[in-house]
Amino acid sequence: MSANGIDWFDERTWSVSGNKEEALGRIKSSSNQAAAAAAAASVLFPKSTLEISQYLSNDDHRDCPIAVVCGGHSSSNVATWPIFQNDNDGNEHQHGRTMIIDMKHMSSINVNRETLEVTVGGGVLFRQLAEACSKAKCALPIGTGPTVGVCGYLLNGGISGYFGRRLGMLGQRVTKMEIVLANGEIKTLVSPKALGSNDASGCDDGDNDLFRACLGAGSAMGVVTSLTIKMEEESIYRTGGSIVFACSSKSIAKTFLRKALSFMKERVLLSSTLPASTSMEIVTTSDYTVICTLMFYDSFDGDPETFVAPLRGAAKECNIPIVADGVSSHKTWFDAASSLWGVIDGMKGNPLVRMDHCIGTEHIPSDEALEFLLDRWFGSFLEKAPLTIIEIRTLGGAASSNDQGNHCLLPTSNVKCTFFADMIVSYDASTVSAEDKSSILAEVHDIIAEAKKRSDIMVDFSGTHGQSDDPATLLPDGEEVFGGKENYDFISANKKKYDPHNRFCYHPFLTLI
Ligand SMILES: Cc1cc2nc3c(=O)[nH]c(=O)nc-3n(C[C@H](O)[C@H](O)[C@H](O)COP(=O)(O)OP(=O)(O)OC[C@H]3O[C@@H](n4cnc5c(N)ncnc54)[C@H](O)[C@@H]3O)c2cc1C
């Protein structure tokens, strides 16, 4: 096997989902050396939009399937599946060898401080965007992973637990987008809102539709080579930080979490009006450390320390030690945006198996939904998969509001969520026994199947949150992913129109559209 094939996979693929682990073992085995050398040769590293356009329109490979990689973080590794498929002669796609387009060299960033816009190339990562944004003294609703791709996140409906309630979703801030379509055509799409009218005078309707479809399922429509995003002044962020509670067992953690969830519901969700003044995230690790992170925006006019007093009180009642307390420790937006980078950088297992599932509620969660979360989501996989975390976050606010200036509802379900919880089950594959691996997978699937039967919650609701390569019974339907039947039909129609031969078949929920 060519070292190149493995090197590329290791460098550009952050995690290996539970169902892909076996394939990784196969590709790394010495018997597949020649095939992997060929796979390595199927990665293109374009430096310009024109180069991508020329490749896609070239008669020699006009029909070959295309996978695009930006940050390589997709938990189902959808963009890197071709490495496995190309590896196996019997599995080659009907149109021939898949080409992987690795966007890492298209990493330009240009800031226009006057218009408060930043234009990023199709391969830019969050660390680069956050640094440029902070240098311009601005803020954006970004996610927490430093090496997550801006395009992979935005084009599949990413969410910002820290900033979304005040700044909306990143996709709602896109004013311009450049995309190369399946036939090689280059299109520059302008947001209808950016043109200053609701009906986008000056743009043809097809372009408006494509623009909108790209903000929910962009990776199924073409290769996005640049995005222009509207920023906000950094003064929208006041302060924030975390309190860390060392719960010594699952039962103590659950007792505390019940109180913390009630605080989240009553103090953060129910008491907030637009613009939202606070957001909250609760992370529980597999050693039952509970980390509560609060964000206070410019619209918050109280005292952060007083605000969180009930949480400290709850810990005292349960005799839980507070091991770190810095709820006002962030001085700037960038402090908050980069606060988890150090932790995440150290998390890359060898290989890291990661299974992501989510539940969300459109409105304030009922007490029954919160009990289901406490009862089922903190399962026995926590002991077997020691890198697992459960994240519970507030959303809503500007993200789900339709009348916030430049904001509009995106064709992705998570835009509707006021509350959601991620189950990120992770472990280092080299240290977990075969029995434990299959019992982890079976337990996660049981819990998700149970959650899907409930009417008070949604499951797996975007291309960035939720595993797409689970057994068919666990896949969400299109309405759950795209926020309703109308959106689902809209996305499917655009997919058929702009990519009729399905060249871009590596979208996380492709089987749905
Ligand atoms: C440590 C960590 C932290 C995270 N934090 C958050 C968070 O806070 N909020 C959140 O919402 N998500 C978060 N995620 C999830 C992340 O947003 C998704 O996994 C996202 O899809 C990753 O994008 P990527 O570009 O890194 O991955 P890739 O695997 O490279 O791409 C993901 C998908 O987008 C497509 N794609 C990428 N670039 C382009 C392009 N230029 N044109 C067309 N299609 C493209 C790919 O083909 C693929 O289908 C996190 C993930 C990790 C691992």
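This report concerns the structure included in the present document. These numbers come from a predicted model, not from an experiment. Sequence positions are assigned chain by chain, starting from 1 and proceeding in written order. Local features in this predicted model are restricted to residues whose pLDDT is 70 or higher, and side-chain atom pairs enter the listing and the counts only when it is 80 or higher, whereas totals over whole chains, interfaces and linings include all residues. Side-chain metrics in this entry use all non-hydrogen atoms of the structure; hydrogen atoms and water are not considered.

1. Observations regarding the nonpolar core
Okay, so step 1: In these notes, a set of buried Ala, Val, Leu, Ile, Met, Phe, Trp, Tyr and Cys residues joined through side-chain atoms within 4.5 Å is what counts as a nonpolar core. When a residue's accessible area, from a 1.4 Å probe over protein chains only, is under 20% of the maximum for its type it is buried; when over 50% it is exposed; and in between it is partly exposed. Judged by nonpolar contacts, the single largest core of 82 residues is most densely connected at Leu-140, Leu-227 and Trp-333.
Okay, so step 2: For helices the rule is a DSSP run of H or I covering at least 4 residues; for strands it is a run of E covering at least 2, with both sets numbered from the N terminus onward. Residue contributions to this core peak at six residues, all from helix 9 (residues 205-217).
Okay, so step 3: Note on contacts: a residue pair is in contact if any heavy atoms of the two residues lie within 4.5 Å. If we skip the residues at most four places from it in the chain, Leu-227 touches Val-118, Thr-119, Val-120, Val-150, Cys-151, Leu-154, Val-174, Lys-176 and Met-177.

2. Here we look at helix 9
Along an α-helix, residues three or four positions apart point the same way, because every turn accommodates 3.6 residues.
Okay, so step 1: Between its first and last C-alpha, helix 9 extends 18 Å over 13 residues, near the 18 Å set by a 1.5 Å rise per residue.
Okay, so step 2: Most of helix 9 sits inside the fold, with 10 of its 13 residues counted as buried.
Okay, so step 3: Among all positions of helix 9, only Gly-206, Asp-207, Asn-208, Leu-210, Phe-211, Ala-213, Cys-214, Leu-215, Gly-216 and Ala-217 are buried.
Okay, so step 4: Contact partners of the buried residues in helix 9: helix 7 (150-154), strand 7 (174-180), strand 8 (186-190), helix 18 (478-482) and helix 19 (485-498). By this rule the span expected of a helix is its residue count minus one, scaled by 1.5 Å.

3. Quick notes on empty space enclosed by the protein
Okay, so step 1: Only protein atoms enter the calculation, which uses a 1 Å grid: trapped sets of points that fit a 1.4 Å probe without letting it out are cavities, open sets showing protein on both sides within 12 Å along at least five of seven lines are pockets, and any residue with an atom within 4 Å of a point is a lining residue. Grid points are joined across faces, edges and corners, and a volume is the space filled by probe spheres set on the points. In total, this model carries one cavity of 30 Å³ or more according to the counting rule given.
Okay, so step 2: Taken as a whole, the largest cavity spans an internal volume of roughly 30 Å³.
Okay, so step 3: Around the largest cavity sit Ile-359, Gly-360, Thr-361, Ala-369, Leu-373, Phe-419 and Ile-457, which together line it.
Okay, so step 4: Top contributing element to the lining of the largest cavity by residue count: strand 15 (residues 352-361), with three residues.

4. Section: the pairing of strand 15
Okay, so step 1: Among the 10 residues that make up strand 15, 10 are buried, leaving the element largely enclosed by the rest of the structure.
Okay, so step 2: Taking every second residue as pointing to the same face, both faces of strand 15 are buried, with Leu-352, Arg-354, Asp-356, Cys-358 and Gly-360 on one and Val-353, Met-355, His-357, Ile-359 and Thr-361 on the other.
Okay, so step 3: Pairing between two strands requires that DSSP report at least two bridges joining them. Alignment of strand 15 against strand 17 (residues 419-428), held across 10 bridges, turns out to be antiparallel. Looking across to strand 17, one finds that Arg-354 is bridged to Ser-426.
Okay, so step 4: The sheet contact formed by strand 15 and strand 18 (residues 458-459) spans two bridges and is antiparallel. Pairing of Gly-360 across the sheet is with Met-458, part of strand 18.

5. Brief notes about the site of the ligand
Okay, so step 1: Residues in contact with the ligand amount to 34 residues; listed here are only the nearest, Val-68, Cys-70, Gly-72, Gly-149 and Ile-159.
Okay, so step 2: Any N or O atom pair separated by 3.5 Å or less is treated as a polar contact, with the protein-specific requirement of one donor-capable and one acceptor-capable atom, and with residues adjacent in sequence counted only for side-chain atom pairs. Cys-70 is positioned with one of its backbone polar atoms (N or O) 2.8 Å from an oxygen atom of the ligand.
Okay, so step 3: Within the contact set of the ligand, an oxygen atom lies 3.2 Å away from a side-chain nitrogen or oxygen of Asn-156.
Okay, so step 4: Here the ligand loses 97% of its free accessible area of 950 Å² to cover by the protein chains.
Okay, so step 5: For the shell around the ligand, the leading source of residues is helix 7, giving three residues.
Okay, so step 6: Residue polarity follows a fixed list, in which Ala, Val, Leu, Ile, Met, Phe, Trp, Tyr, Cys and Pro are nonpolar, Asp, Glu, Lys and Arg are charged, and the others, Gly among them, are polar. Class assignment for the residues of the shell around the ligand results in 16 nonpolar, 16 polar and two charged. Throughout, near means a residue has at least one heavy atom within 4 Å of the molecule or strand. Every accessible area reported is derived by Shrake-Rupley at a probe size of 1.4 Å, with residue values counting cover from the shown protein chains alone.

6. Examining the side chain of Asn-414
Okay, so step 1: When you line up the elements, Asn-414 lands in the loop between strand 16 (389-394) and strand 17.
Okay, so step 2: In this structure Asn-414 comes out as buried when scored by relative accessible area, which is 1%.
Okay, so step 3: Polar contacts involving the side chain of Asn-414 include one to the side chain of Thr-412, which spans 3.2 Å.
Okay, so step 4: Excluding its chain neighbours within four sequence positions, the residues that come into contact with Asn-414 are Gly-157, Gly-158, Ile-159, Met-169, Leu-395, Phe-461, Ser-462, Thr-464 and His-465.

7. What about the environment of Lys-437?
Okay, so step 1: Looking at the element boundaries, Lys-437 is found in helix 17 (residues 434-452).
Okay, so step 2: Lys-437 gets classed as partly exposed once you look at its relative accessible area, which sits at 22%.
Okay, so step 3: Beyond its immediate sequence surroundings of up to four residues, Lys-437 is in contact with Glu-21, Tyr-427, Ala-429 and Val-432.

8. Some thoughts on the environment of Cys-292
Okay, so step 1: Tracing the backbone shows Cys-292 in strand 13 (residues 289-297).
Okay, so step 2: Under the relative-accessibility criterion, Cys-292 is labelled buried at 0%.
Okay, so step 3: Aside from chain neighbours lying at most four places away, what touches Cys-292 is Gly-241, Ser-242, Ile-243, Phe-245, Phe-256, Met-280, Glu-281, Ile-282 and Leu-311.

9. Description of the sheet that holds strand 3 (residues 99-102)
Okay, so step 1: Taken in spatial order, the three strands make up an open sheet running 1-3-2, and their pairing is parallel. A strand with exactly one partner marks an edge of an open sheet, and here the two such strands are strand 1 (43-44) and strand 2 (66-69).
Okay, so step 2: The pairing of strand 1 with strand 3 spans two bridges and is classified as parallel. Paired with Leu-44 across the bridge in strand 3 is Ile-101.

10. Quick notes on the pattern of salt bridges
Okay, so step 1: A pair is scored as a salt bridge if a Lys or Arg side-chain nitrogen falls within 4 Å of a carboxyl oxygen belonging to Asp or Glu. All chains considered together, the criterion is met by 24 salt bridges.
Okay, so step 2: Of the charged contacts in the structure, one is a salt bridge between Lys-485 and Asp-489, with a shortest N-O distance of 3.1 Å. Remark: Asp-489 and Lys-485 occur in helix 19; sequence separation between them is four residues, near one turn of the helix.
Okay, so step 3: Accessibility expressed as a relative area gives 36% for Asp-489, which makes it partly exposed.
Okay, so step 4: Several salt bridges share partner residues, and in doing so they unite Glu-281, Glu-391, Arg-393 and Asp-422 into one network.

11. Considering the sheet that holds strand 17
Okay, so step 1: Reading across from one edge, 14-11-13-12-16-17-15-18 is the order of the eight strands in this open sheet, with antiparallel pairing throughout. Edge positions in the sheet fall to strand 14 (322-330) and strand 18, since each of these pairs with one other strand and no more.
Okay, so step 2: Where helix 10 (residues 250-270) meets the sheet, its contacts fall on strand 11 (237-246), strand 12 (278-285), strand 13, strand 16 and strand 17, and the angle it forms with strand 12 comes to roughly 165°.
Okay, so step 3: Throughout, an axis means a line fitted to C-alpha atoms (over the contacting stretch in the case of helices), and angles, computed between N-to-C directions, take values from 0 to 180 degrees. Contacts between helix 17 and the sheet are confined to strand 15, strand 17 and strand 18, with strand 17 contributing the most and set at about 170° to the helix.

Scope: geometric values only; no functional claims are made or implied.
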